[in-house]
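Geometric and topological summary
What follows is the residue order along each chain.
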Amino acid sequence: MKLFELAETLEATFICGENRENVGFDKVGASDLMSDILSALSEDGILLTGLATVQVVNTAVIAGVRAIVFVRNKKPNPGVIEMAREHEMPMLTTPYSMFVSCGRLYATGLTGLNGAR
Amino acid sequence: MPALKKCFHIKGRDFIHAGKASISVQNMLKQLNVAPSLIRRIAVCGYEGEMNAVMHGGDAVFSVEINTDRIVLEISDEGPGIADIDKAKEKGFSTAADEFREMGFGAGMGLPNMENNSDQMIIESEPGKGTVVRMFFETCETSGSQDG
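Below or above, wherever it landed, is the structure these notes cover.

1. Remarks on helix H1 (residues 3–10) of chain A
Residues and elements named next belong to chain A. Every buried residue of H1 is listed here: Leu3, Leu6, Ala7, Thr9 and Leu10. The arc enclosing the buried residues of H1, seen along the axis, measures out at 165 degrees, which places them on a common side. If you follow the buried residues of H1, they end up packed against strand S1 (13–16), strand S3 (46–49), strand S4 (67–70), strand S5 (91–93) and helix H5 (98–106).

2. Thoughts on the packing of helix H2 (residues 36–57) of chain B against helix H5 (residues 110–117) of chain B
Residue and element names in this part refer to chain B. Closest axis-to-axis distance for the H2/H5 pair is 9 Å, and the angle between their directions is 155 degrees. Compared by their axis directions, H2 and H5 come out roughly antiparallel. For the element pair H2 and H5, the recorded crossing hand is left-handed. Between H2, through Arg40, Arg41, Val44, Cys45, Glu48, Gly49 and Asn52, and H5, the contact on the second element is made entirely by Gly110, Leu111, Asn113, Met114 and Asn117. Its residues assigned to classes, the contact of H2 with H5 shows four nonpolar, five polar and three charged.

3. A closer look at the interface of chain B and chain A
Contacts between the two partners involve 23 residues from chain B, matched on the other side by 23 residues from chain A. Summed over both partners, the interface of chain B with chain A comes to about 1700 Å²; 56% of that surface belongs to carbon and sulfur atoms. It is B:Ile23, B:Arg40 and B:Tyr47 in chain B that bury the most area against chain A; as a group they hold 34% of the surface buried on that side. Summed over the shared surface of chain B and chain A, the number is 10 residue pairs in polar contact (both at pLDDT 80 or more). Of all the secondary-structure elements, those providing two or more residues to the side of chain B that touches chain A are helix H1 (20–31), H2 and H5 of chain B. The greatest single-element share of the side of chain B that touches chain A, amounting to seven residues, is contributed by H2(B). Across the side of chain B that touches chain A, the residue classes tally to 13 nonpolar, six polar and four charged.

4. Concerning the pairing of strand S3 (residues 70–77) of chain B
Residues and elements named next belong to chain B. Of the strand pairs in this sheet, strand S2 (residues 60–66) and S3 are connected by seven bridges, and their pairing is antiparallel. Within S3, the position partnered with Ala60 by the bridge is Asp77. Remark: three residues form the turn of the hairpin made by S2 and S3, two consecutive strands paired antiparallel.

5. What to know about the nonpolar core
A:Met91 and B:Met135 are the most contacted members of the largest nonpolar core, which totals 65 residues. Ranked by residue count, the leading element in this core is H2(B), at 11 residues. Setting aside residues no more than four positions away along its own chain, B:Met135 makes contact with B:Cys45, B:Ile71, B:Val72, B:Leu73, B:Ile75, B:Met114, B:Ser118, B:Gln120 and B:Met121.

6. As for unusual backbone geometry
Residues and elements named next belong to chain B. Backbone geometry places Arg13, a non-glycine residue, at a positive phi of 65 degrees. Position of Arg13 among the secondary structure elements: in the loop between strand S1 (4–10) and H1. With a phi angle near 60 degrees, Asn33 is a residue other than glycine that sits in the positive phi range. Tracing the chain through its elements places Asn33 in the loop between H1 and H2.

7. Points about the pattern of salt bridges
All names here are of chain B. Using the criterion set out here, one finds 11 salt bridges over all chains in the structure. Between Glu115 and Lys89 there is a salt bridge whose closest N-O contact spans 3.3 Å. Residue Glu115 is found in helix H5, and its partner Lys89 is found in the loop between helix H3 (85–88) and helix H4 (98–101); the two are separated by 26 residues along the sequence. Residue classification places Glu115 among the partly exposed positions, given a relative accessible area of 34%. Across the pair Arg134 and Glu124 runs a salt bridge, and its minimum N-O distance is 3.1 Å. Here Arg134, found in strand S5 (residues 131–138), pairs with Glu124, found in strand S4 (residues 120–125); they are 10 residues apart in sequence, far enough to count as distant. In the salt-bridge network here, residues are joined through shared partners; they are Glu74, Glu124 and Arg134.

8. Section: the sheet that holds S1(B)
Residues and elements named next belong to chain B. Taken in spatial order, the five strands make up an open sheet running S1-S2-S3-S5-S4, and their pairing is antiparallel. Lying at the two open borders of the sheet, with one neighbouring strand each, are S1 and S4. Ignoring which end each strand starts from, the neighbouring axes of this sheet average 10 degrees apart. Pairing of S3 with S5, which is carried by eight bridges, proceeds in the antiparallel orientation. Paired with Leu73 across the two strands is Met135, which belongs to S5. Along the sheet, H1 contacts S1, S2 and S3; its crossing angle with S2, the most-contacted strand, is approximately 10 degrees.

9. Examining the sheet that holds strand S2 (residues 28–30) of chain A
All names here are of chain A. Here we have five strands laid out as an open sheet, ordered S1-S5-S4-S3-S2, and mixed in their pairing. The sheet is open, and its two borders are formed by S1 and S2, each paired with just one other strand. Strand-to-strand twist in this sheet, taken as the mean axis angle between neighbours without regard to direction, amounts to 25 degrees. Most of the contacts of helix H3 (residues 54–63) go to S4, to which it runs at about 145 degrees, and overall it touches S3, S4 and S5. The strands touched by H5 within the sheet are S2 and S3, with S3 carrying the most contacts at an inclination of about 150 degrees.

Reading the values: the criteria
Numbering of residues begins from 1 in every chain and follows the order in which that chain's sequence is written. Each chain takes a letter, starting from A, and each ligand takes a number, starting from 1, following the order in which they are written. In view of the model being predicted, local features appear only for residues whose pLDDT reaches at least 70, and side-chain atom pairs are presented and counted only at 80 or more, with totals across whole chains, interfaces and linings using the full set of residues. For the side-chain quantities, the full set of heavy atoms in the structure was used; hydrogens and water were omitted. Only protein chains enter the accessibility calculation, which uses a 1.4 Å probe; a residue whose area is less than 20% of its type maximum is buried, one above 50% is exposed, and one in between is partly exposed. A run of H or I in DSSP becomes a helix once it reaches four residues, and a run of E becomes a strand once it reaches two; helices and strands are each numbered from the N terminus. It is the directions from the helix axis to the C-beta atoms whose arc is reported. By definition in these notes, contact holds between two residues if any of their heavy atoms fall within 4.5 Å. Under this scheme, a helix contributes an axis fitted over its contacting stretch, all axes are lines through C-alpha atoms, and angles between N-to-C directions fall in the 0 to 180 degree range. Reported orientations rely on four angle classes, namely roughly parallel under 35 degrees, roughly antiparallel over 145, roughly perpendicular from 65 to 115, and oblique for the rest. Left-handed is the label given to a crossing in which the near helix is rotated counterclockwise from the far helix by less than a right angle, and right-handed is the label when the rotation is clockwise. Each residue is assigned to one class: nonpolar for Ala, Val, Leu, Ile, Met, Phe, Trp, Tyr, Cys and Pro, charged for Asp, Glu, Lys and Arg, and polar for all the others, Gly among them. Accessible area, probed at 1.4 Å, shrinks when two parts are joined; the buried area is that loss added up over both. Polar contact is the term for a pair of N or O atoms within 3.5 Å; when the atoms are in protein, one must be able to donate a hydrogen and the other to accept it, and sequence-neighboring residues count only if both atoms are side-chain atoms. For two strands to pair, DSSP has to find at least two bridges joining them. Among buried residues, those of type Ala, Val, Leu, Ile, Met, Phe, Trp, Tyr and Cys that are joined through side-chain atoms within 4.5 Å constitute a nonpolar core. When a carboxyl oxygen of Asp or Glu lies within 4 Å of a side-chain nitrogen of Lys or Arg, that pair is called a salt bridge.

This is a description of form; function is not addressed.
And the structure:
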């Protein structure tokens, strides 16, 4: 799946990184616990979270994820958005809850970070 | 390749800048063409250690030493120390305050993640005297290879 397709699936809008809408991925991790993302094989996956702090951007960069999606219309503050821009980390926000966002993405055939379905 | 060493100073409770040292090390290792899977392991260990120091340890020194055959990360803090190191390494054990949990940390996964992602981890600590965490990474098995 590509980021622009994810945006369509989740009715999400880009907060930053629109120029990377053609980046592809095939796995997704959903967590508000950053150590869960760091302990998983998150590289080249997408991070879904309800947490909109600076630590989410750092975690995404360290773990090598391709984009961050905030659920429930969450949006980080301008400083965090600027940091994501510096790291070329796309960020999107969706009106759906974590549960519904995961369900919509799962229905398209995407897997969890370890490849499980 | 001669040993290359770089140190970063970490300020306790400075959550805005927490992570910068690990991301700098990550970028440094990319420039040195270290294997991506090894870079990821080192970055994860560094970041978890950095967050531990910022949350619990007060001011700290974060250093990386890069040798041909191994890379060593050391995080030395001036915090309260750890009374029971084996207990602190158990999954799920945490003394973190709620404010840290709200940032997505403090769930007792930091030290287990660091131990899992390093080839060897040594913790020296004593209550009232701070903590030194050293993590060792062998470079020979993955150096120059593609990410797995």
